[in-house]
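Next come the chains, spelled out residue by residue.
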Amino acid sequence: MIEDVATIDDLIKKVLSYNPDADIELLRKTYIFSSEAHGSQKRMAGSPYIEHPLAVASILADMKMDTTTIAAGLLHDTIEDTNATVKDIKALFGNEIAFLVNALTKLSKMEFMTKEEAQAENFRKMLLAMAEDVRVILIKFADRLHNMKTLEHLPEEKRKRIAAETLDIYAPIANRLGIGWLKIEFEDLSFKFLMPEVYEEIVKKIAKRKEEQEVYLRDVVKEMEARLKEENIAGEASHRIKHSYGIYQKMQKQGITFEQIHDVLGIRIITDTKANCYAIMGLIHSLWTPVPGRFKDFIGVPKSNMYQSLHTTVIGPKGERVEFQIRTDEMHRIAEKGIASHWRYKERGMLTEKDSRYVTWLRDLVQSQKELSNARDFLEEVKGAVVPDVVYVFTPRGDIKELPSGSTPVDFAYSIHTDVGHKCVSAKVDGRIVPLRYQLKNGDAVEIITSPAHKPSRDWLQFVVTQRAKARIKQWINTEERMQGVELGIKLLESELKKHDMSNALMKSDEILQAAKSLGVSSLEELFVSVGFGKISPHQVVNKLRPEKPAEEVALKPIKPSAEQKGISIKGIDDILYHTAKCCYPVPGDSLVGFITRGKGVTIHNKKCHNLERLAVDNARLVDVEWRQDGDTRYPARLLVESVDKPGVLANLSALVSADDVNISQLQAISTPDQKAQITFIVEVKDKKQLAAIIQKIASMDGVLRVKR
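Before going into details, it helps to say that this report is about the structure given with it. Just so it is clear, the structure is predicted and the values come from calculations on it, not from any experiment.

Some remarks on helix H15 (residues 329-337)
Think of an α-helix as 3.6 residues a turn; residues three or four steps apart then line up on the same face. Of the residues making up H15, those classed as buried are Met331, Ile334 and Ala335. Seen along its axis, H15 keeps its buried residues to an arc of 100°; they face one direction. Looking one or two residues past H15, Gly338 carries a phi angle of roughly 55°, positive in sign.

Some words on the packing of aromatic side chains
By convention here, two paired aromatic rings are described through the distance between centres and the angle between planes. In total, this model carries eleven aromatic pairs according to the counting rule given. Ring centres of Phe191 and Tyr199 lie 5.6 Å apart, and the angle between their planes is 90°; on these two criteria the pair is classed as edge-to-face. Judged by relative accessible area, which is 0%, Phe191 ranks as buried. What links up through ring pairs into an aromatic cluster is the set Phe191, Tyr199, Tyr245 and Tyr248.

Section: the pattern of salt bridges
If you walk through the whole model with that rule in mind, you get 19 salt bridges. Between Arg135 and Asp66 there is a salt bridge, with the nearest N and O atoms lying 2.9 Å from each other. With Arg135 in helix H9 (residues 135-149) and Asp66 in the loop between helix H3 (51-62) and helix H4 (67-75), this residue pair connects regions lying 69 residues apart in the sequence. Taking relative accessible area as the criterion, Asp66 reaches 18% and is therefore assigned buried. Note that Glu323 is salt-bridged to Arg240, the shortest N-O span being 2.5 Å. Taken as a pair, Glu323 in strand E6 (residues 321-328) and Arg240 in strand E1 (residues 236-241) lie far apart in primary sequence, 83 residues in all. Both residues of the pair, Glu323 and Arg240, count as buried. Here the salt bridges share partners, and the residues they tie into one network are Asp66, Glu96 and Arg135.

Regarding the packing of helix H6 (residues 86-93) against helix H7 (residues 95-104)
Orientation of H6 relative to H7, taken along the N-to-C sense of each, is 150°, at an axis distance of 7 Å. As far as their axial angle goes, H7 and H6 are roughly antiparallel. As H6 runs across H7, the sense of the crossing is right-handed. Taken together, the residues of H7 that come into contact with H6 (itself represented by Val86, Ile89, Lys90 and Phe93) are Asn95, Ile97, Ala98 and Asn102. Residues belonging to the contact of H6 with H7 are distributed by class as follows: five nonpolar, two polar and one charged.

Considerations on the pairing of strand E17 (residues 635-644)
Both E17 and strand E19 (residues 676-685) contribute to a ladder of ten bridges, which runs antiparallel. Following the sheet pairing, Val641 is matched in E19 by Ile679.

Comments concerning the sheet that holds E19
If you trace the four strands from one edge of the open sheet to the other, you get E18-E19-E17-E20, paired in antiparallel fashion. Because the sheet does not close on itself, it has two edges, and the strands there are strand E18 (663-672) and strand E20 (704-708). Between one strand and the next, the sheet's axes are offset by a mean angle of 20°, whatever the strand orientation. On top of the sheet, helix H27 (residues 649-658) reaches E17, E18 and E19; it is set at about 20° to E19, its chief contact.

Conventions used here
- Residues numbered from 1 in each chain as written.
- Predicted model: local features only at pLDDT ≥ 70, side-chain atom pairs only at ≥ 80, totals over all residues.
- Heavy atoms only, no water.
- Buried < 20%, exposed > 50% of the residue type's maximum accessible area, 1.4 Å probe, protein only.
- Helix = DSSP H or I, 4+ residues; strand = E, 2+ residues; numbered from the N terminus.
- Arc of directions from axis to C-beta.
- Phe/Tyr/Trp six-rings, centres within 6.5 Å; stacked < 30°, edge-to-face > 60°.
- Salt bridge = Lys/Arg side-chain N within 4 Å of Asp/Glu carboxyl O.
- Axes fitted to C-alpha atoms, helices over the stretch in contact; angles between N-to-C directions.
- Parallel < 35°, antiparallel > 145°, perpendicular 65-115°, else oblique.
- Left-handed = near helix turned anticlockwise from the far one by under 90°.
- Contact = heavy atoms within 4.5 Å.
- Nonpolar A, V, L, I, M, F, W, Y, C, P; charged D, E, K, R; others polar.
- Pairing = 2+ DSSP bridges.

Below, the structure is given as structure tokens:
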């Protein structure tokens, strides 16, 4: 479908082929501006940089986009990579093109803590602009597609990062906007760079299967078209090949080999009316036996990206399985091109009523982002919104709701309204009360029962799957805990002031505000929260409020870390109690994070700890932690060993560990019915390196089946 152009004249010829009234002068002007702005810049392959914007514009012309969009494609890198400014673009080419180009410019001048944060913020900016004018994402798609096609010129690490980002975000968004061919291109190109060996193997097997089945499928097509003629039904049949990543996904999902996939090749029938789609389906089922459970009606219940087709698999001639797709011309056009299939602009960014359904989910996201200040949370919500595996359920009024597979009644409740989610106490599916953990199935009719006094539960985070539900629950818990933190902080400070015969009037004074600022917090509320959560101790505040006293009179006894804690440094926090978590037993060498618990100080977790997501609904309660080298301090680590249940294993294991000057502080062993032993023990080690050496020795020991932290 996509053909690169070599010159601006080739591009103009392509645009005129579908839009004879195109503003050719605008295209020439933007090309000259872009060419001069990029000047002698080169791409990684060594070619002149202008080839890239020209290729992007060519892809947009293949998508039959309007002249304004193609002009913005020619200019899309000028603000980011040259001396050109938004003001320049606006003065020369108008507000509309300036808006599109600026929306595509990365936030390169802003400072971010991490690459991930920068990426998330870039996506947020782009998606918010896309909600205002969806052409932003279509230009970005063209830009990303050309970059993916020339990815081999980049270093391997960068190749893999860009390919993973394309697979995780761009391909699903293309799918959500119904642009089928682009989703396939993104997936296959990403697959090629992420898993080159697997990709090559599947491509070869597809080619071989095509060669083997070409004649067979041609015969089925011929027979199908003859029967359509006999029945006087309009229809054109052709055979098609599934794309490589789609096949790989199926292999992974079903745990099967390539040889076990029967629908690598299939047949597509294009007809003229919806009624004929069903008539052809009936004809196919009368000719060959349908495979139970493989009939899907996406015409009666279209996908959220407006995809419509009938799918069925039958046992065809010679007992071979054959997959059929049946759709009208219009359905086929929408399946391939989606939102780009009927592009009509009356004014900037205005979509027809039909087109606007493509971006309803995006408008909802934009609304929700006002409540999601964290860019990474927003990016996760975007990923959740474009998830391809879905279930279709009904509201009590009979409206269809589309939710990600695995969704529960709580996810359903939050998809209706945040208040419905918060007040959800139980749910009925098809008239029966079900647990809130129940996983919804296609066709379920769901009714949510609410109570005004009910509040969300932290436990819900363990089973909800939609980012919307997760974000709303976390937000509620965060707000609630913050209020509790403020109350507790005020009580603790008032108590400390009373202890030192100081007036409560200080709680609203300029002095306490100055004390707060000197302790690194900007407001009284932040101070109370910090004291309530244990991040700042009340005596630190009192010390700041009594500067007239000599230091030795004021200093209150700080909390000292225990022997276990000598090697840990907590960024920005002094004199606070802390301990290592017993769920993950971090050791030196692990990446750490601290979680502030009211009244208990800081619990130190391994950053990979599975409990963190459940605990840390509020990032304000996480603190940076690092190991500090501290002599011969030892740290506890938990190991689980699975072995054959035979005499001597436990003794040999203990001897092996002890020989490395490692103490075993706890040990528990149980036998299982299948003649295996599960041994859990706590060892005391210097660091991650020593622990890894022990794990390796245990793994190679006779009778040991598995060992892990």
